[in-house]
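The primary structure of each chain is shown beneath.
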Amino acid sequence: MSSPQKSKAPLAILVLAALAIAGYFIFRSSDADSDEGGRDRTAAVAVAPIERRAIELRRVFSGALEAHSKFVVAPKVAGRVQDIPVDISDEVHRGDAVAILDAAEFDQAVRQAEADLAVAEANLAEAKSALEITLRANQRTTTLRERGIASETEFDNVQAELLARQAQVKVAEAQVIRAESALESARIRLSYTRITADWSGDEDRRVIAERYVDEGETVSANEPLLLIVELDPITAVIYVTERDYGLLKPGQEARFSTDAFPNQTFLGQIDRISPVFRENSRQARVELSLSNPDHSLKPGMFVRANITLDRVEDTTVIPYAALTRRGTETGAFVINEDSKTVRWQPVKTGIRSNDSIQVLDADLSGRVVVLGQHLLDDGAEVTIPEDATLPEAP
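Residues numbered from 1 in each chain as written. Predicted model: local features only at pLDDT ≥ 70, side-chain atom pairs only at ≥ 80, totals over all residues. Heavy atoms only, no water.

Caption draft 1: Representation of the overall build of the protein chain. A count of helical and extended segments in the protein chain gives four helices and 21 strands. Within the protein chain, the fraction of its 394 residues that count as buried is 37%. Long-range pairs, those at least 24 residues apart, make up 75% of the contacts in the protein chain between residues at least 6 apart in sequence. (Helix = DSSP H or I, 4+ residues; strand = E, 2+ residues; numbered from the N terminus. Buried < 20%, exposed > 50% of the residue type's maximum accessible area, 1.4 Å probe, protein only. Contact = heavy atoms within 4.5 Å.)

Caption draft 2: Spatial organisation of the nonpolar core. In terms of nonpolar packing, the biggest core is built from 25 residues, with I238, F256, L288 and I307 touching the most fellow members. For this core, the secondary-structure elements that each account for two or more residues are β3 (51-73), β10 (226-240), β11 (253-258), β12 (261-273), β13 (284-290) and β14 (302-319). With five residues, β14 is the largest single contributor of residues to this core. In contact with L288, not counting residues within four places along its chain, are I234, T235, A236, I238, A254, F256, Q269, I270, D271 and I307. With 19 residues, the next largest nonpolar core counts V92, A99, V213 and L225 among its residues. (Core = buried A, V, L, I, M, F, W, Y, C linked by side-chain atoms within 4.5 Å.)

Caption draft 3: Spotlight on the environment of A260. Here A260 lies in the loop between β11 and β12. The partly exposed category is assigned to A260, whose relative accessible area is 44%. Between the C-alpha atom of A260 and that of M301, which follows or precedes it by 41 residues, the distance is 7.8 Å.

Caption draft 4: Representation of unusual backbone geometry within the structure. The step from D232 to P233 runs through a cis peptide bond, and the omega angle for that step is 0°. By the element assignment, P233 lies in strand β10. Unusually for a residue other than glycine, N222 sits at a positive phi of about 70°. Mapped onto the elements of the fold, N222 is located in the loop between β9 (218-219) and β10. For N222, a relative accessible area of 61% puts it in the exposed group. Phi is positive for N354, which is not a glycine, with a value near 55°. In this fold, N354 is placed in the loop between β18 (349-353) and β19 (356-359).

Caption draft 5: Structural view of the pattern of salt bridges. Overall, the coordinates contain 20 salt bridges when judged by the stated rule. The partner of E56 in a salt bridge is R58, with the nearest N and O atoms 2.6 Å apart. Exposure remark for E56: the relative accessible area of 14% places this residue in the buried category. When its relative accessible area of 39% is taken as the criterion, R58 is described as partly exposed. The partner of R367 in a salt bridge is E337, with the nearest N and O atoms 2.9 Å apart. Here R367, found in strand β20 (residues 367-371), pairs with E337, found in the loop between β16 (329-336) and β17 (341-346); they are 30 residues apart in sequence, far enough to count as distant. Judged by its relative accessible area of 19%, R367 is buried. (Salt bridge = Lys/Arg side-chain N within 4 Å of Asp/Glu carboxyl O.)

Caption draft 6: Just the sheet that holds strand β7 (residues 194-196), in detail. An order of β7-β6-β4-β9 is seen for the four strands of this open sheet, with the pairing classed as antiparallel. Either end of the sheet is taken by a strand with one partner, and the two such strands are β7 and β9. Relative to β7, strand β6 (residues 97-101) is paired through three bridges, and the arrangement is antiparallel. When the bridges of β7 are listed, A99 appears paired with I195. (Pairing = 2+ DSSP bridges.)

Caption draft 7: Summary view of the side chain of S296. Looking at where S296 falls in the secondary structure, it is placed in the loop between β13 and β14. For S296, a relative accessible area of 17% translates into the label buried. Reaching out from S296, the side chain makes a polar contact with the side chain of D294 at a distance of 3.1 Å. Setting aside chain neighbours within four positions, we find S296 in contact with F261, F266 and M301. (Polar contact = N/O pair within 3.5 Å; in protein donor to acceptor, adjacent residues only side chain to side chain.)

Set out below in structure tokens:
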């Protein structure tokens, strides 16, 4: 939401000019009453110079700060919270342990899985030993059969036993693999009792923003424990109307101020512009990024973003107070310096900045009337009281 700019014209000069003009009219009125022949009265006006300079279109938008990124730390397994070594505002580094759950039950599960694996490995060794014995028996039977000593029935029985022993070895090997997997799963669940702060990105440190539980509480899987945020950079969010939307683009610079640090100005730039407008407000969300190495800026702070939407380097500029209307035309009264009369000049305007406005279609120079236009017509005579010329804008 844009805020109006404060006037830069010195208030004292405006008051002085108004008093001078009022005094001049009183003097002219008494002088006309004493002049028996009567004379045409001239208008006393205040004037300001026409400038040739750069002018900027600026807007001030109100918004709020948000964390650049944030995530909730939650356990993957249920358990009793044994220790939380961090608290609100503490800095954490990637991989730091931020919570410890009671691991007794998970330790026992690991020992049980290790025992099951040992049994499976022993069964495999026994099955392989039995297979070796059966292989030797098969070789003897095959030799005896070739000599005509062993019968076909004996040979078939040995072959059947050999196949059974081979199958037993395969089953035992599968049981070992299953036991190894169960052990690895138990170890993984045990590792889940040590909850770490892990995130992607280049930033190695972040800050604890919220702490939801204390030591001794029993939590379920995926129950929030902590909120961790990234504060450098920090994101400012503003909302803009259709009038300004088309003048914004990513990378555009902005200057920020906040009530928390009234004497400081923070620099940032536009990161993202929403492609849609909110139906209820007809405004679009704009996100800006600010460097915040000392973490002085905090999420939730109110900020004002001063953004230059457009700039013209060399153009004709007059005071906004010089604009007036005659019929359907907008224009200004230009002083004819040689004859102390005024000339009505219709103008087309462009950028307005503070109390100045750009003139697009007229090559103007000299001075324009900024006070007293309601008394004037094209070609009217004017008097410029002393100290009734406003200075150039800084």
